[in-house]
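# Geometric and topological summary
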Amino acid sequence: MVKICCIGAGYVGGPTMAVIALKCPSVEVAVVDISVPRITAWNSDQLPIYEPGLDDVVKQCRGKNLFFSTDVEKHVREADIVFVSVNTPTKTRGLGAGKAADLTYWESAARMIADVSVSDKIVVEKSTVPVKTAEAIEKILMHNSKGIKFQILSNPEFLAEGTAIEDLFYPDRVLIGGRETPEGFKAVKALKDVYAQWVPEDRILTTNLWSAELTKLAANAFLAQRISSVNAMSALCEATGANVSEVSYAVGKDSRIGPKFLNSSVGFGGSCFQKDILNLVYICECNGLPEVAEYWKQVIKINDYQKTRFVNRIVSSMFNTVSNKKIAVLGFAFKKDTGDTRETPAIDVCKGLLGDKARISIYDPQVTEEQIQRDLTMNKFDWDHPIHLQPMSPTTVKQVSVAWDAYAATKDAHGICLLTEWDEFKTLD
Ligand SMILES: NC(=O)c1ccc[n+]([C@@H]2O[C@H](COP(=O)([O-])OP(=O)(O)OC[C@H]3O[C@@H](n4cnc5c(N)ncnc54)[C@H](O)[C@@H]3O)[C@@H](O)[C@H]2O)c1
Ligand SMILES: O=c1ccn([C@@H]2O[C@H](COP(=O)(O)OP(=O)(O)O[C@H]3O[C@H](CO)[C@@H](O)[C@H](O)[C@H]3O)[C@@H](O)[C@H]2O)c(=O)[nH]1
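Just so you know, these numbers come straight off a predicted model, no measurement behind them.

Cut-offs and rules
Residues numbered from 1 in each chain as written. Chains lettered and ligands numbered in written order. Predicted model: local features only at pLDDT ≥ 70, side-chain atom pairs only at ≥ 80, totals over all residues. Heavy atoms only, no water. Salt bridge = Lys/Arg side-chain N within 4 Å of Asp/Glu carboxyl O. Buried < 20%, exposed > 50% of the residue type's maximum accessible area, 1.4 Å probe, protein only. UniProt positions renumbered as here; feature names shortened; annotations may be inferred. Helix = DSSP H or I, 4+ residues; strand = E, 2+ residues; numbered from the N terminus. Axes fitted to C-alpha atoms, helices over the stretch in contact; angles between N-to-C directions. Parallel < 35°, antiparallel > 145°, perpendicular 65-115°, else oblique. Left-handed = near helix turned anticlockwise from the far one by under 90°. Contact = heavy atoms within 4.5 Å. Nonpolar A, V, L, I, M, F, W, Y, C, P; charged D, E, K, R; others polar. Phe/Tyr/Trp six-rings, centres within 6.5 Å; stacked < 30°, edge-to-face > 60°. Lys NZ or Arg CZ within 6 Å of the ring centre and 35° of its normal.

## Quick look at the pattern of salt bridges
- Taken as a whole, this structure holds 23 salt bridges when the rule is applied.
- A salt bridge links Lys426 to Asp423; the shortest N-O distance between them is 3.2 Å.
- What makes Lys426 exposed here is its relative accessible area of 66%.
- For Asp423, a relative accessible area of 39% puts it in the partly exposed group.

Shown next as structure tokens:
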């Protein structure tokens, strides 16, 4: 029986491994994490993340061929294939701060794999990493002096939150990059055999390591660029009387452009787009490509501009002040069907309104008051570290209250900000 171990039981590791376990009954899958509360939650009826369809998949396999554990070393030692799906946050200090990926957690996982292994293994990069990371990981693993052989593969994940299970069941593509050597090809085939149990062969792409690593950053940059393009257009629409929904619909009808990812918004959020583009920008700069870096930086600048523009429009339309006015915020998650608030535009909008002394009443069907208060008091990029390493916020923002439904949040409000497109908001009175 093939044994898989995944280090990191987060938004990617949990759902991805649950689907592998479901689709490959002959594979034993262990998902391990240093966070005890997270693993406890994965083993309970209240999973640590909200994702449609996930409960059902986990219930079908947990205890059979899917296990969640904090015994990281034991499961790594026993595995044939080790996925690494740990945090790769934006660096907050030192060289490349504010842009480069912080590979602390990745490196410590790689060193642990090297230390505890007693047999050859395939190590799979599931986290999003800078191009050429595999080279560094190889160095760490190969210098183990025990004669154990490791093959490194890059298998970036393209799932989107809120549709993770659907995306994993029917992926547009699965990408596997490996070394172009006989051992590399053999490792690629071993991983391909796992996915081939439910993904059609023509959707499993194999490339060299660097292409796979870079494709992940490129795909996110292209997606985010579409949103910044339509959001930039929304500013011009508002200035001219054009309607951005009509414009984007008509533009998307061109089959060369296509209709997806053309919804204008308060700006994109989520743990990936900004982080991955900043990382791409840094890589371009390090490779002596300042023009290319500048080009991608603009995607982030427009995103920040859109969030600021939204706040400014609210304030200017309310006699240039929201001081002591009650503003209702409907939706705090970065998109519908998730409780994830990482880099949600709601944080910037709320902070902007608080800067003008508004009173804010927030309702989101999946986000707790505790999370909202943490988000509004946390420093930039602190959110992307393992939970037990995040700073606890000693204070709460007094002008912010959290309501139990949309009507309570909007009662007596001077203005309403609709920040997440939850379906339940469509049918409100
Ligand atoms: N969230 C997404 O939609 C998504 C999609 C594709 C790719 N990614 C990438 O996947 C990676 C993981 O993202 P995520 O959203 O699942 O993050 P996450 O924070 O939800 O999960 C990461 C987990 O790794 C654990 N961890 C960190 N260091 C560890 C170690 N040394 N040993 C064991 N466990 C450790 C943390 O405790 C945490 O539970 C990131 O690189 C991200 O960019 C994310
Ligand atoms: O037309 C659109 C589409 C999306 N968004 C916003 O963009 C953000 C990101 O949305 P989405 O891409 O659907 O969710 P993520 O879970 O962040 O998924 C992205 O980031 C993941 C992590 O790398 C990748 O795996 C996915 O392929 C990629 O879609 C959200 O704030 C959305 O509201 C828009 O503003 N307009």
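Past the structure itself, the notes keep going.
## Observations regarding the UniProt feature "active site" (unreviewed entry) in the protein
- Using the residue numbers shown here, the UniProt feature "active site" (unreviewed entry) corresponds to Cys272.
- Considering the arrangement of structural elements, one finds Cys272 in the loop between helix H10 (244-252) and helix H11 (273-286).

## Considerations on the packing of helix H12 (residues 290-317) against helix H13 (residues 345-355)
- At a minimum axis separation of 9 Å, H12 and H13 run at an interaxial angle of 40°. One finds that H12 runs oblique with respect to H13. For the pair H12 and H13, the crossing hand works out as right-handed. Note on element contacts: H13 touches H12 through Pro345, Asp348, Val349, Gly352 and Leu353, opposite Lys307, Phe310, Val311, Ile314 and Val315.
- The class makeup of the residues in the contact of H12 with H13 is seven nonpolar, one polar and two charged.

## Digging into the packing of aromatic side chains
- Scanning the model with the defined rule gives eight aromatic pairs in all.
- Ring centres of Phe261 and Phe273 lie 6.3 Å apart, and the angle between their planes is 65°; on these two criteria the pair is classed as edge-to-face. Taken together, the residues Phe261 in the loop between H10 and H11 and Phe273 in helix H11 connect sequence positions twelve residues apart.
- Take Phe261: its relative accessible area is 37%, and that puts it in the partly exposed class.
- In this structure Phe273 comes out as buried when scored by relative accessible area, which is 12%.
- When the ring of Tyr295 is compared with that of Trp296, the centres are 5.0 Å apart and the planes differ by 80°; the resulting orientation is edge-to-face.
- Connected via pairs of aromatic rings, a cluster forms that spans Phe222, Tyr295 and Trp296.
- Of note, Lys23 hangs over the ring of Phe169, and the distance from its end group to the ring centre comes to 4.3 Å.
- Positioned above the aromatic ring of Phe158, the side-chain terminus of Arg173 is 3.6 Å from the ring centre.

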